[in-house]
Amino acid sequence: MKVCVVGSGGREHVLARVLGRHAEVVVTPGNPGIPGSSPVPPGALDADLVVVGPEAPLVAGLADELRAAGRLVLGPGADGARLEGSKAWMKDLVAAAGVPTARHASFDEEKPAVDYLRSLPPPYVVKTDGLAAGKGVLVTGSFDEAVDDVRAKLGGHSFGAAGHTVVVEEGMVGPELSLLAVCDGTRAVPLAPAQDYKRVGDGDTGPNTGGMGAYSPVPMLGADVVGTVMDRCVEPTLAELRRRGIDYRGVLYAGLMLTGEGPKLVEYNVRFGDPEAQVVLPRLITDLAALLAEAAAGRLVSEPRFADDAAVTVVLATDGYPTGPRTGDAIDGIAAAEAEGADVYCAGVARDGHGRLVTAGGRVLDVTAHGPTVADARSRAYRAASCISWPGVHYRTDIAWEAAHT
Ligand code: AMP
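Rules behind the numbers
Chains are numbered independently. Their residues run from 1 in the order of the written sequence. The predicted nature of this model means local features are confined to residues of pLDDT at least 70 and side-chain atom pairs, given and counted, to a pLDDT of 80 or more, with totals for whole chains, interfaces and linings taken over all residues. To obtain the side-chain values, all non-hydrogen atoms of the structure were used and water was disregarded. Here a residue is considered near a molecule or strand provided that any single heavy atom belonging to it is located within 4 Å of it. Under the rule applied, a polar contact is a pair of N or O atoms within 3.5 Å (in protein, one hydrogen donor and one hydrogen acceptor; residues adjacent in sequence only if both atoms are side-chain atoms). Per-residue accessibility takes into account occlusion by the displayed protein chains alone, with areas from the Shrake-Rupley method and a 1.4 Å probe. Secondary structure is summarised from DSSP: a helix means a run of H or I of at least four residues, a strand means a run of E of at least two, and numbering begins at the N terminus for each. Each residue receives one of three labels: charged for Asp, Glu, Lys and Arg, nonpolar for Ala, Val, Leu, Ile, Met, Phe, Trp, Tyr, Cys and Pro, and polar for the others, Gly being one of them. What counts as a ring pair is set by centres within 6.5 Å for rings of Phe, Tyr and Trp (its six-membered ring), and what kind of pair is set by the plane angle: stacked under 30 degrees, edge-to-face over 60, tilted for all other angles. Whether a residue is buried, partly exposed or exposed follows from its accessible area with a 1.4 Å probe, protein chains only, as a fraction of its type maximum: under 20%, in between, or over 50%, in that order. Here, nonpolar core means buried Ala, Val, Leu, Ile, Met, Phe, Trp, Tyr and Cys residues that are tied together by side-chain atoms lying within 4.5 Å of each other. Think of it this way: DSSP has to see at least two bridges between two strands before they count as a pair. For this analysis, residues touch if any pair of their heavy atoms sits within 4.5 Å. Interaxial angles span 0 to 180 degrees and are taken between N-to-C directions of axes, which are lines fitted to C-alpha atoms, for helices over the stretch in contact.

Peer 1: Could you clarify how one ought to interpret the site of the ligand in this entry?
Peer 2: In the vicinity of the ligand lie 16 residues, with K127, E169, M172, E176 and E267 positioned nearest. K127 places a side-chain nitrogen or oxygen 2.9 Å from an oxygen atom of the ligand. In this structure, an oxygen atom belonging to the ligand sits 2.8 Å away from a side-chain N or O atom of E267. The protein chains hide 94% of the 470 Å² of surface that the ligand would expose on its own. At the level of elements, β6 (124-128), β7 (137-140), β8 (166-170) and β16 (262-269) are the ones that each hand at least two residues to the shell around the ligand. A class-by-class count of the residues in the shell around the ligand yields seven nonpolar, two polar and seven charged.

Peer 1: Help me understand the packing of aromatic side chains in this model?
Peer 2: We describe a pair of aromatic rings using the distance from one ring centre to the other and the angle between the two ring planes. The tally for this structure, following the rule as stated, stands at four aromatic pairs. Relative to Y116, the ring of F107 lies with its centre 5.6 Å away and its plane at 45°, an arrangement referred to as tilted. Judged by centre distance (6.4 Å) and plane angle (45°), the ring pair of Y197 and Y215 falls under tilted. Separated by 18 residues along the polypeptide, Y197 in the loop between β11 (195-196) and β12 (199-201) and Y215 in strand β14 (residues 213-216) bring together distant segments of the chain. Relative accessible area serves as the criterion here: at 11%, Y197 is assigned to the buried category. The exposure class assigned to Y215 is buried, which follows from its relative accessible area of 0%.

Peer 1: Looking at this structure, how should I read the nonpolar core?
Peer 2: As a rule of thumb, soluble globular proteins bury nonpolar side chains together. Membership of the largest hydrophobic core comes to 72 residues, with the highest contact counts inside it found for L83, Y268, V312, L365 and I388. The dominant element in this core, judged by the number of residues it contributes, is helix α8 (residues 225-243), at seven residues.

Peer 1: Would you mind going over the sheet that holds strand β2 (residues 24-29) with me for this structure?
Peer 2: Within a sheet, each strand pairs with its neighbour through backbone hydrogen bonds, oriented either parallel or antiparallel. Strand order across the open sheet formed by four strands is β2-β1-β3-β4, with parallel pairing between neighbours. Of all the strands in the sheet, just β2 and β4 (73-74) have a single pairing partner and so form its edges. Both strand β1 (residues 2-7) and strand β3 (residues 49-52) contribute to a ladder of four bridges, which runs parallel. Paired with V3 across the bridge in β3 is L49. Where helix α1 (residues 10-19) meets the sheet, it contacts β1, β2 and β3, and its direction lies at approximately 170° from that of β1. Contacts from helix α10 (residues 288-296) reach β1, β3 and β4, with the element oriented near 90° to β3.

Honestly, it's all geometry; don't read function into it.
Structure (structure tokens):
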């Protein structure tokens, strides 16, 4: 089978690596660190299956375009991608489906938004309605900061058009969990659970990012949590999508909070998580290309099975990420990190005039290691990460700490 992966980050690198176990893979546009990258657009590439990595082309209707041209595509059309493209639409759909989630309301004017904030206890949560690369969410204990954020978002100062509607939510408390399900329009199968880290700094400090690390499996998870999330969140959502005439063939990523009242939905993403894919997909024993092709064709029969190991990913970012990343610095030590037994997935990288790999984005590399336990995988990942350097490289030092110490 020939598979075309659309995208250019660490998620696409790991997709290519794992799909490559059973299929021939090309990544478009990819990046200089991903073997098999091609500048040829997906519609012009010869492929039996197209897997769309990022959310933006899905929201813009790339899957519809490719399907109309007769391609087999893993990824929802623009209709289903609204689950991620509009938080207000998503909240409306999950309310109709009866999925447990935070109390919320959407606003495009400041005064009612501030009045609603006043009616909620802290922590306060203010989100842009549209896409903001994981950075459009403020969670704060400060009422004044929440009000300032509503003003900045609605005024178009912080996120442009994506912020012209804001969603104000009740703050939930509890550990977070990411559960990715592969859907064929009717049936959904869960992948192994993972936990990711959204804040830039140790101890969950600083602003939200696209994701600074992840691990899988999640050892402290009760045995019934995956089943509960499938029953209460994923299945009813898929049924509600179907009821609205939406044939959702792709990955449905449920971001959850494990509250005292059970798992509650924080958000849906309409694609593999980045960096969750880096810890979940390499652990898959099942043929990923066959699984995704079945889902894309609306005939999901495979059951994903996972190795009995653990994986930890540490994201190496540039100085200044997520606000103003500094780029163009030469990256040293990837081979040394790989010699420690880690896999290094390339995200924000480019080649300079001397052919050297240099930093080109906020999140640059994802250092992933495996081991029999989360503790083993974690120490390998950090040993490997310490081999890599460029001026201002930074990463969290507490990825998977809690899981490794339980
Ligand atoms: P989202 O982009 O909606 O996933 O939000 C990004 C992150 O903000 C989540 O992973 C949570 O850490 C946090 N967050 C979002 N919504 C809430 C909420 N209602 N209560 C507490 N934290 C939240």
